[in-house]
Amino acid sequence: MTKVLFVVSECAPLIKTGGLADVAGALPQALGALGCEVRTLLPGYRAIMGALGKTKVVETYDGLFGGPAKLRACQVGGLDLLVLDAPHLYDRDGGIYGDAAGQDWPDNPERFAALSYVAAAIADKGAGKWKPEIVHGHDWQAGLTPEYLHALDVDVPFVFTIHNIAFHGNASAERLKTLRLDPDRFTADHFEFWGQISALKAALAGASKITTVSQTYARELLTPEFGIGMDGILRARGANLVGIVNGIDEGVWNPETDPNIKTYKTASGKAANKTALRKTFGLGKADGPLCVLVSRLTEQKGVDLLLHALPELLDRGGQLALLGSGAPELEVALSQAARAHPNVAVKIGYDEALSHQMMAGGDAILVPSRFEPCGLTQLYGLRYGTLPLVALTGGLADTVINASPAALASGVATGVQFNPITAQSLGHAFGQLCDLFAQPAVWKKMQRNAMKQAVGWDASAVKYKEIYDQLRPTDR
Ligand code: ADP
């Protein structure tokens, strides 16, 4: 058994704002099948404390960044959790990263430094009788862990996975002391980033191995455009950076058993779901493809490109059903588009069950992201025979086979990719999608290809396990 401590700020099904939670919820189980014993260290947000069931206090910490804390062990849905019950940091109304108005919590640096500090303390002294051989942190919230491992003089390898490099977890240098960081290490070699403390930089500098969630994103990260200021350190650490594509939880996303939909084995079974979905969204019948999109609404996700290119879809008889929430200006623009056109329907909000119904009922899933480390909704789409129309970037490049003439001729296409990532090129892609949709034999063949594609965790979990195995004997 390889004992691995995951350190992560969200985990499905307990608490989720994005794909990070899906990975944290599914990867430990896939690693478990390969002989790893994964425990997941998670903040004890108010939103999850009531859902934990029976817990056992395995450690207590006095004065953890401003108050006392307990570490509670419990099992939820097949996951072994270590929940950091620190009311002064996590017991509050609002979101997990910010208040109800969307403002980041001002004490986020301390909230996630505490998580990272406790990860290092567990690597040092254990949680109850359990001690990890590897600490595996995810995104900036776990980023300061190597600094605390160093401070506590703990020789346990730290693996770090970049799910999205856009979030750096920066804090002002005045917080060095409250964050318990060594001022002598406030340098560009460690965690200093243009005069600020950067939790992400600490991880990139201090990790034994850095992974990210697709091979293409691993290459893109080395460029200024995608590295967002971290490309330099990533180039310096390039030999230790590897891309491993995300999988999806095939138990949760399975059209044959999904409790949210009218289940089906082959794509022909989608028809009843399409009818139901149109009803849910108040859409009538149409000749073109019913396109769906489920996403956070941010500039990253290219929703503004979609709004510009939409006429190319609508003029061909296509429809759009969109579920998302985020930037107010995008929510307003989308709602306006829905009011202006009967074939556009928008629901603002977060709705897990509806997201399943959209995968089952849609003809195509749209992911027009400007950058996309991996992306999960195109993987759900493949599994549900809902063909992805995606930007050619990051994991979207690695998981979809574009319907080029060659791919169509050899019968391997699974979707449509567009490049450059502009409204004009998305418009062309809509034209191509509609052409393909108008050829039922070709469309059905693509659906069969899509539904056959392996999108689970098996192959990628093996790659993580290999990394753990490499690190255990040599780095210790
Ligand atoms: P990111 O992590 O950048 O948000 P991903 O595609 O990796 O993007 O993961 C997003 C996850 O969140 C998917 O599981 C998607 O279905 C889900 N999701 C996003 N927005 C919503 C929403 N409004 N309602 C339900 N699920 C959503």
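Values in this document were obtained by computation on a predicted structure and should not be read as measured data.

Peer 1: Provide a residue-level description of the packing of aromatic side chains, including the pertinent values.
Peer 2: According to the stated counting rule, one finds 12 aromatic pairs in the structure shown. Ring geometry for Phe65 and Tyr117: centres 5.8 Å apart, planes at 70 degrees, overall edge-to-face. In this pair, Phe65 sits in the loop between strand E3 (56-61) and strand E4 (69-76) while Tyr117 sits in helix H4 (residues 108-125), placing the two residues 52 residues apart along the sequence. On the numbers, 5.0 Å between centres and 90 degrees between planes, the contact of Phe437 with Trp443 is edge-to-face. Residue Trp443 is classed as buried on the basis of its relative accessible area of 4%. For the cation-ring pair, Arg180 lies above Phe65, with the distance from its terminal atom to the ring centre recorded as 4.4 Å.

Peer 1: Can you tell me about empty space enclosed by the protein, naming the residues and giving the values?
Peer 2: Enumeration according to the criterion identifies 1 cavity of 30 Å³ or more in this entry. A volume near 70 Å³ is recorded for the largest cavity. Lining the largest cavity are 13 residues, with Pro109, Trp140, Leu144, Gly169 and Ala199 positioned closest to its centre. At the level of secondary structure, the elements contributing two or more residues to the lining of the largest cavity comprise H4 and strand E10 (196-198). Top element by residues in the lining of the largest cavity is H4. It accounts for 4 residues. Here the residues of the lining of the largest cavity sort into 9 nonpolar, 4 polar and no charged.

Peer 1: Before we move on, could you go through the packing of helix H17 (residues 423-437) against helix H18 (residues 440-452) and cite the residues and values that matter?
Peer 2: The contact between H17 and H18 brings their axes to 6 Å, and the two run at 105 degrees. Judged on the interaxial angle alone, H18 and H17 are roughly perpendicular. Taken together, the residues of H18 that come into contact with H17 (itself represented by Leu433, Leu436 and Phe437) are Pro440, Val442, Trp443 and Met446. Class assignment of the residues belonging to the contact of H17 with H18 gives a composition of 7 nonpolar, no polar and no charged.

Peer 1: Which residues make up the site of the ligand, and what are the values?
Peer 2: Surveying the vicinity of the ligand reveals 18 residues, the closest of which are Gly19, Arg296, Lys301, Gly349 and Tyr380. Between the ligand and the protein, one listed contact pairs an oxygen atom with a side-chain N or O atom of Lys16 at 2.8 Å. In this structure, Leu376 approaches the ligand through a main-chain N or O atom, which is 3.0 Å from an oxygen atom. In isolation the ligand exposes 560 Å². Once the protein is present, 92% of that is buried. Among the elements that take part in the shell around the ligand, strand E13 (residues 290-297) stands out by supplying 3 residues, more than any other. In the shell around the ligand, the residues fall into 5 nonpolar, 8 polar and 5 charged.

About the criteria used
- Residues numbered from 1 in each chain as written.
- Predicted model: local features only at pLDDT ≥ 70, side-chain atom pairs only at ≥ 80, totals over all residues.
- Heavy atoms only, no water.
- Phe/Tyr/Trp six-rings, centres within 6.5 Å; stacked < 30°, edge-to-face > 60°.
- Helix = DSSP H or I, 4+ residues; strand = E, 2+ residues; numbered from the N terminus.
- Buried < 20%, exposed > 50% of the residue type's maximum accessible area, 1.4 Å probe, protein only.
- Lys NZ or Arg CZ within 6 Å of the ring centre and 35° of its normal.
- 1 Å grid on protein atoms, 1.4 Å probe; cavity = no way out; pocket = protein on both sides within 12 Å on 5 of 7 lines; lining within 4 Å.
- Points joined across faces, edges and corners; volume = space filled by probe spheres on them.
- Nonpolar A, V, L, I, M, F, W, Y, C, P; charged D, E, K, R; others polar.
- Axes fitted to C-alpha atoms, helices over the stretch in contact; angles between N-to-C directions.
- Parallel < 35°, antiparallel > 145°, perpendicular 65-115°, else oblique.
- Contact = heavy atoms within 4.5 Å.
- Near = heavy atom within 4 Å.
- Polar contact = N/O pair within 3.5 Å; in protein donor to acceptor, adjacent residues only side chain to side chain.
- Areas by Shrake-Rupley, 256 points an atom, 1.4 Å probe, with all protein chains shown as cover.

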